[in-house]
Amino acid sequence: MLFLYTCKQAHQKLSEDLDRQLSLTERAQLKIHLSMCRSCSNFGTQMRTIRSAMKQMAAGKSSDQD
C-alpha cells in the first residue's frame, strides 16, 4: 500500500535518486508527492541543477564557455 511522503521524506528520496535508482514503489510515492508539492518539485530541480554544475566544474567546463 502506498503512503504519502512528508516533505522531509521527499527531500531524502530526491537526494537518493541522484545516487541510485529508486524502486518502483519509491518512484511512485515520490511522483505523487511532487505532483502536489511545488516546494519539493523546486527542490528537486535545484538538486539536479547543482549536480549538473558540479559535474561540469569537475570536468573543467563552465556554463559561461559556450
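Residues numbered from 1 in each chain as written. Predicted model: local features only at pLDDT ≥ 70, side-chain atom pairs only at ≥ 80, totals over all residues. Heavy atoms only, no water.

**Details of the packing of helix 1 (residues 7-19) against helix 2 (residues 24-36)**
Put simply, the rule is: Axis angles are defined between N-to-C directions and span 0 to 180 degrees, where every axis is a line fitted to C-alpha atoms and, for a helix, only to the segment in contact. Think of it this way: any DSSP run of H or I at least four residues long counts as a helix, any run of E at least two long counts as a strand, and we number them from the N terminus. Should an angle lie under 35 degrees it is considered roughly parallel, over 145 roughly antiparallel, and from 65 to 115 roughly perpendicular; all remaining angles are considered oblique. For any pair of crossing helices, the crossing counts as left-handed if the nearer helix is rotated counterclockwise from the farther one by less than a right angle, and right-handed if it is rotated clockwise. A contact between two residues is defined here by any heavy atoms of the two lying within 4.5 Å. The classification used treats Ala, Val, Leu, Ile, Met, Phe, Trp, Tyr, Cys and Pro as nonpolar, Asp, Glu, Lys and Arg as charged, and all other residues, Gly among them, as polar.
Look at helix 1 against helix 2: their axes get within 10 Å of each other, and the N-to-C directions meet at 125 degrees. Between helix 1 and helix 2, the angle is such that the two are oblique. For the crossing formed where helix 1 meets helix 2, the hand is left-handed. Each of C7, A10, K13, L14 and E16 in helix 1 lies in contact with helix 2, whose residues at this interface are E26, L30, H33 and L34. Here the contact of helix 1 with helix 2 is composed, by residue class, of 5 nonpolar, 1 polar and 3 charged.

**Considerations on the state of the cysteines**
Under the convention used in this document: By convention in this document, the label disulfide applies to cysteine sulfur atom pairs within 2.5 Å. Each residue is placed in one exposure class: buried if its accessible area under a 1.4 Å probe, protein chains only, is under 20% of its type's maximum, exposed if it is over 50%, and partly exposed if it falls in between.
For the coordinates displayed, the defined rule picks out 0 disulfides. The cysteine C7 is free of any disulfide, with C40 supplying the nearest cysteine sulfur at 3.6 Å. Taking relative accessible area as the criterion, C7 reaches 37% and is therefore assigned partly exposed. Left without a disulfide partner, C37 is nearest to the cysteine sulfur of C40, which lies 3.6 Å away.

**Focus: the nonpolar core**
Note the cut-off: We define a nonpolar core as any set of buried Ala, Val, Leu, Ile, Met, Phe, Trp, Tyr and Cys residues linked to one another through side-chain atoms lying within 4.5 Å.
In this structure, Y5, A10, L14, L22, L30, C37 and C40 together form the largest nonpolar core, which totals 7 residues. In contact with L22, other than residues within four places in its own chain, are K13, E16, D17, R27 and L30.

**Here we look at the UniProt feature "domain: Putative zinc-finger" (unreviewed entry) in the chain**
Note the threshold: UniProt positions are given in the numbering used here, feature names are shortened, and annotations may be inferred rather than shown by experiment.
According to UniProt, the "domain: Putative zinc-finger" (unreviewed entry) feature falls on residues 7-40. Split by type, residues 7-40 is 85% helix and 0% strand. Its first and last C-alpha atoms lie 7 Å apart.

**Details of the side chain of H33**
By secondary structure assignment, the location of H33 is in helix 2. Excluding its chain neighbours within four sequence positions, the residues that come into contact with H33 are Y5, T6, C7, A10 and C40.

**What to know about the side chain of Q29**
Mapped onto the secondary structure, Q29 falls in helix 2. You can call Q29 buried: its relative accessible area is 5%. Not counting chain neighbours up to four residues away, the residues in contact with Q29 comprise L2, F3 and Y5.

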